[in-house]
Amino acid sequence: MPLVPRWALFSSGCAPVLLVAGWVIAASLEGPAYDPVTQTISVLAAYGAAGSWVMTAALLALGACHLLTAWGLRAAATAGRVALAGGGATALVVALLPAPGSGGSLRHGSVAAVGFALLALWPLLAADGGRAAPWALRPAASAVATASMIVGAAWFLVEMHRHGAAGVAERVVTVVQSLWPFVVVTSCLRHAGDADEPPAGRPD
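It should be emphasised that the depicted structure is a prediction, and the values quoted were computed from it without experimental measurement.

Trainee: Can you explain the side chain of S187? Please cite residues and give values.
Mentor: One can find S187 in helix α7 (residues 166–196). On the basis of relative accessibility, which here comes to 5%, the residue S187 falls in the buried class. A distance of 3.4 Å separates the side chain of S187 from the backbone nitrogen of W135, its partner in a polar contact. The residues contacting S187, other than those within four sequence positions of it, are P134, W135 and A136.

Here it is in structure tokens:
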């Protein structure tokens, strides 16, 4: 049985595509009243938003993709797979606990923060210190991925505090988080393919 089944390429690849498609379509349904530069994704899924059903469906699909990918990514350390699955589960909860039409929501914000933390930490927790590990699961690459997400989160918090480009910062962070599982799966599959190839000059 392969350490990473090929269907994981589909589940991980769909995650960023569905997320971005969700906020693009939901924003178009919202019209000019919505500013993607300063307003967050949660606004699109809030109660009463014109495109809330689209954004909610995108978040549910994102969560399902992360859960499936975590299940199939057997090459990663167990702690990392659990964290990725937890991030997928929180995406489902966030979709089912939308923010109110105005003001904040402690429940929504708390679940979203937990989900971010899990998705930021899973690359580091999934790392494999072995010399033969796929490059995306090596400690250095995993640390860079986690650090990038943490820096992105800090940028988002700064923009929120100064009422600046919070929407842009959030989108950058969420795209990176949704894309990294695909990078890891691709790395694992390429690594497995290279391992199966016979050395140059030797017959199969």
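We are not done yet, so read on.
Trainee: Account for a nonpolar patch on the surface, with residues named and values stated.
Mentor: Residues V37, W155, V168, V172 and V176 make up a contiguous nonpolar surface patch of roughly 350 Å² in combined accessible area. Ranked by the residues each element gives to the nonpolar patch, the list is headed by α7, at three residues. With respect to the helices and strands, the residue V172 is situated in helix α7. For V172, a relative accessible area of 40% gives the class partly exposed.

Trainee: Just give me the short version of the nonpolar core, but keep the residues and values in it.
Mentor: Formed by 21 residues in total, the largest nonpolar core has its most connected members in V4, L73, W122, L137, W180, V184 and C188. For this core, the secondary structure elements donating two or more residues are α4 (78–96), α5 (106–125), α6 (139–161) and α7. Tallying contributions element by element places α7 first for this core, with five residues. When neighbours within four sequence positions are excluded, C188 is seen to be in contact with V4, L73, A75, P134 and L137. Listed in part, the 19 residues of the second largest apolar core include A15, M55, A58 and L59.

Trainee: Could you give me a rundown of the pattern of salt bridges, with the residues and numbers involved?
Mentor: On inspection of all chains with the given rule, the structure shows one salt bridge. One salt bridge connects E159 with R162, and the closest N-O pair in it is separated by 2.8 Å.

Conventions used here
- Residues numbered from 1 in each chain as written.
- Predicted model: local features only at pLDDT ≥ 70, side-chain atom pairs only at ≥ 80, totals over all residues.
- Heavy atoms only, no water.
- Helix = DSSP H or I, 4+ residues; strand = E, 2+ residues; numbered from the N terminus.
- Buried < 20%, exposed > 50% of the residue type's maximum accessible area, 1.4 Å probe, protein only.
- Polar contact = N/O pair within 3.5 Å; in protein donor to acceptor, adjacent residues only side chain to side chain.
- Contact = heavy atoms within 4.5 Å.
- Patch = residues over 30% accessible without salt bridge, like charges linked within 9 Å, V, L, I, M, F, W, Y side chains within 5 Å.
- Areas by Shrake-Rupley, 256 points an atom, 1.4 Å probe, with all protein chains shown as cover.
- Salt bridge = Lys/Arg side-chain N within 4 Å of Asp/Glu carboxyl O.
- Core = buried A, V, L, I, M, F, W, Y, C linked by side-chain atoms within 4.5 Å.

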